[in-house]
Amino acid sequence: MWSWVCSAIDDKSDDVLWISSQEVGPAFGYDGATSLKSELASRLPRINDAPTFAEARRLLTQLGGSAALQSELAFAGVVDPVTDELTVDKIPFNVFAQFASGKMKQPSLAAAQEALGEYKDKFLICANLPENDLHWDSDDPKWISKASMAMRHRFLTTKNLHWQWFNMLTVGLLPAAEGGVALAEAIKEIEAMKAAALRFAKHVGGWSDQVGLYVNVFGHNNVNSLFVHILDMSEVGPGFAFQAYKNCPLDDVLKVLHAELAAGGPPWPLLTRALHSTALQCSGKKRPTAGVAFTGGATSVKEEIMGRLPQLKDAAAYREARRMLTEELGGVASIKNELERAQFVYEESNMLTVGTNPVNIFAQIASDSIKQPGMDIEQMHLGPEYRCKFKICCNRPENDAYWDSDEPAWVGKASMSRRHKFLTTKKLHFQWFNALVFGLVDESLGGASKQEAFEEVTSMKAAALEYTKNAVEWSDDVGLFFHVFGHNNVNSLHMHILDMNALGPSYYKHEYRNCPVDAVIKVLREEMEVELVASLLSPDAQISSLASEGIARLASAGAGKRRPWVRGTDADTVLLDVGGERLSVARDALLMAPERSLLRRVADGGFSVDGDGRVFL
């Protein structure tokens, strides 16, 4: 929701320059995008007609052209950079490429394939999952996004696996030196697809003569291989209207391509891989996402998290996002590489970039590359303990002014409350760019421990509350929230500080991604406890030193003082059964854990014991 306002520092002038994110133009990183796919989807929320398709092609060329896109697809494992063909491995799974290659078959479609006639050797008819066909007329939210869009709905794909045919966005944009076909030849191929689809509908039997042909353009596609939707428009289901924002008629694609051809070709140069200087270059790096099973056509970790976790607003979702990242998505290395490729992070220093392409507003404010007029006084409200570590930031004046507007133009863009500020950190190391990676960056990269991350977040919370206590007109009901990576619009840390007594419509618009700071603190505390319990699984001879080290980390996370305990052998010792390992741990050590934590409850006698007097964990 961050629509920002700032003043650029100009050594030659004292004038204040107000800048809008809408004025950035072709600069990469719109709404925090870390991939071309996210960039196109953010800039073009719908691609469903000739003007939006033409604009998508124009934007692609401004952002690096087909060379940049090929790099992104290769990086995501969708394209083999040696053969320039779509990959047909199980990871990532590319269903229409699998069909086209013959690795997957749909035997029930043999007769349908024959209905293609002279086109059957070039193209392939495919079907949806049986259950998706069955629910074509369901308006149940469970089905509307994935059910077939009509009673009769099939797909046409090409058997040509060269990557230039993976999506209509790129046809005719590859240089001949890289295997690209000329625009005129591309048009002939698409016209052949249209003829093949219409022949199928005419000869397969049971279809009306009302046939709709649509494609989903890159940015709004769920599969990274070509498919044309073939629909019998005489009986469409709710899914057709639901997907209308991304159903681009094939005739509109042809209209744009013919216009480009009539003008002498695309009105921009075709960049080769050797020439393009877009942010999204592989730069010879080994793909860090190897073995990562991206879904829904995602080409980045950010898209994958957003697709699989449509809501990220509580401890459960935050916990799952961190699990997904570490266990399935390649860990912090994948995110770091993604941010480097999108030029949000300097590869050698691991620091956030503070330039203007891409714009990373909170990093710019933290580095003093940008100053926000009038915020010096607000900064003083942080108090001497916190203003050297953090910065208070504000929204655009008009976004603050329209905080309670329910006009569609403002809902989601305006501030979420009458009083809405942001807190960012002055630390520019990428480990602090977002709550998702707190405490997960390896020490070799300068990463902090979970305990240090815990301390940083609790310090941010204290700073925000100190600000609201000292600032004018704030109530005692303060909400603190992060937008976790996947649902963030800015790739530098910012905590939303809201007066919950005066919420506006934008708060409810963004509720699905407002993750409370306390939820982040809760999960970090849990992870610290897990690490400590794991240390207790070591042999008895090592328990004392390992446990003491782990407990010391927990103790400094705000547990409070140890309380006195009745001395004596039994009172001083807690007997544990941890996964079958029988342990004896000093009760005083457990009492150093944070209040309400698992280990503190064990020390306080909050768990039943077995026949041997042991607490089972």
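Everything here concerns the structure above.
Treat the numbers as computed from the prediction; the structure is a model and nothing was measured.

What counts and what doesn't
- Residues numbered from 1 in each chain as written.
- Predicted model: local features only at pLDDT ≥ 70, side-chain atom pairs only at ≥ 80, totals over all residues.
- Heavy atoms only, no water.
- Buried < 20%, exposed > 50% of the residue type's maximum accessible area, 1.4 Å probe, protein only.
- Helix = DSSP H or I, 4+ residues; strand = E, 2+ residues; numbered from the N terminus.
- Pairing = 2+ DSSP bridges.
- Contact = heavy atoms within 4.5 Å.
- Salt bridge = Lys/Arg side-chain N within 4 Å of Asp/Glu carboxyl O.
- Disulfide = S-S within 2.5 Å.
- Axes fitted to C-alpha atoms, helices over the stretch in contact; angles between N-to-C directions.
- Parallel < 35°, antiparallel > 145°, perpendicular 65-115°, else oblique.
- Left-handed = near helix turned anticlockwise from the far one by under 90°.
- Nonpolar A, V, L, I, M, F, W, Y, C, P; charged D, E, K, R; others polar.
- Core = buried A, V, L, I, M, F, W, Y, C linked by side-chain atoms within 4.5 Å.

How should the pairing of strand β8 (residues 390-393) be read in this particular structure?
As a general feature of sheets, a regular strand has side chains that alternate between the two faces. Residues Phe 390 and Ile 392 line one face of β8 and the alternating positions Lys 391 and Cys 393 line the opposite face, and both faces are buried. Where β8 lies against strand β9 (residues 420-425), 4 bridges are found, and the strand directions are antiparallel. For Lys 391, the partnering residue across the bridge sits in β9 and is Thr 424.

Would you mind showing me how to read helix α11 (residues 301-308) here?
Owing to its 3.6 residues per turn, the α-helix brings residues three or four apart onto one side. Within α11, burial applies to Val 301, Lys 302, Glu 303, Glu 304 and Ile 305. In the core, the buried residues of α11 are packed alongside α1 (36-43), α12 (315-327) and α13 (331-341).

What's the story with the pattern of salt bridges in this structure? I'm lost.
By the definition in use, this model includes 28 salt bridges. Residue Asp 368 pairs with Lys 391 through a salt bridge whose shortest N-O separation is 2.2 Å. Pair noted here: Asp 368 is in the loop between α14 (361-366) and β7 (370-371) and Lys 391 is in strand β8, with a separation of 23 residues, a long-range link. Under the relative-accessibility criterion, Asp 368 is labelled partly exposed at 34%. Lys 391 gets classed as buried once you look at its relative accessible area, which sits at 14%. It is possible to trace a salt-bridge network through shared partners that takes in Glu 304, Arg 308, Glu 320, Arg 323, Glu 327 and Glu 328.

Honestly, the state of the cysteines in this entry has me stumped. Any pointers?
Chemically, a disulfide is nothing more than a covalent bond linking the sulfur atoms of two cysteines. For the structure on display, the rule yields 0 disulfides. The thiol of Cys 393 is unpaired, and the distance to the nearest cysteine sulfur, on Cys 394, comes to 7.6 Å. The buried category is assigned to Cys 393, whose relative accessible area is 0%.

Before we go on, may I ask you to explain the sheet that holds strand β3 (residues 153-158) in this structure?
Within a sheet, neighbouring strands are paired by backbone hydrogen bonds and run either parallel or antiparallel to one another. Read across the open sheet, the 5 strands follow the order β2-β3-β5-β4-β6; overall the sheet is antiparallel. Here the strands that pair on one side only, and so sit at the sheet edges, are β2 (123-127) and β6 (248-249). Along the sheet, helix α8 (residues 183-203) contacts β2, β3, β4 (211-215) and β5 (228-232); its crossing angle with β3, the most-contacted strand, is approximately 145°.

Just checking my understanding: could you explain the packing of helix α2 (residues 50-62) against helix α10 (residues 250-262) for this structure?
For any two helices packed against each other, the geometry comes down to the angle between their axes and how far apart the axes lie. For the pair α2 and α10, interaxial distance at closest approach is 8 Å and the crossing angle is 55°. Put simply, α2 runs oblique to α10. Classified by chirality, the crossing of α10 by α2 is right-handed. When α2 is examined against α10, the residues Ala 50, Phe 53, Ala 54 and Arg 57 are found in contact with a partner set consisting of Asp 252, Val 253, Lys 255, Val 256, Leu 257 and Glu 260. When its residues are assigned to classes, the contact of α2 with α10 shows 6 nonpolar, no polar and 4 charged.

Would you explain the nonpolar core in this entry?
Nonpolar side chains tend toward joint burial in soluble globular proteins. Counting 127 residues, the largest nonpolar core has Leu 156, Met 168, Tyr 318, Leu 423, Phe 438 and Phe 482 as the members making the most contacts within it. The element contributing the most residues to this core is α8, with 10 residues. Those residues in contact with Phe 438, other than ones at most four positions away along the chain, are Tyr 318, Arg 322, Gln 431, Trp 432, Ala 453, Val 457, Phe 482, Leu 493, Val 520 and Leu 524. In this structure, Leu 532, Val 574, Leu 590 and Leu 591 belong to the second largest nonpolar core, which totals 10 residues.

Is there a simple way to explain α1 in this structure?
Extensive coverage of α1 is indicated by the burial of 6 of its 8 residues. Along α1, the positions that sit buried rather than exposed are Leu 36, Lys 37, Ser 38, Glu 39, Leu 40 and Arg 43. Packed against the buried residues of α1 are α2, α3 (65-75) and α11.

Looking at this model, I keep getting lost on the pairing of β5. Mind explaining?
Judged by how many residues are buried, β5 sits mostly within the fold: 5 of 5 residues are covered. Residues Val 228, Ile 230 and Asp 232 of β5 are buried on one face, and the alternating residues His 229 and Leu 231, pointing to the opposite face, are buried as well. Where β3 and β5 come together, 4 bridges link them in antiparallel fashion. What sits directly across from Arg 154, in β5, is Ile 230. Bridge count between β4 and β5: 4 bridges; the pairing is antiparallel. Bridge pairing links Tyr 214 to His 229 in β5.

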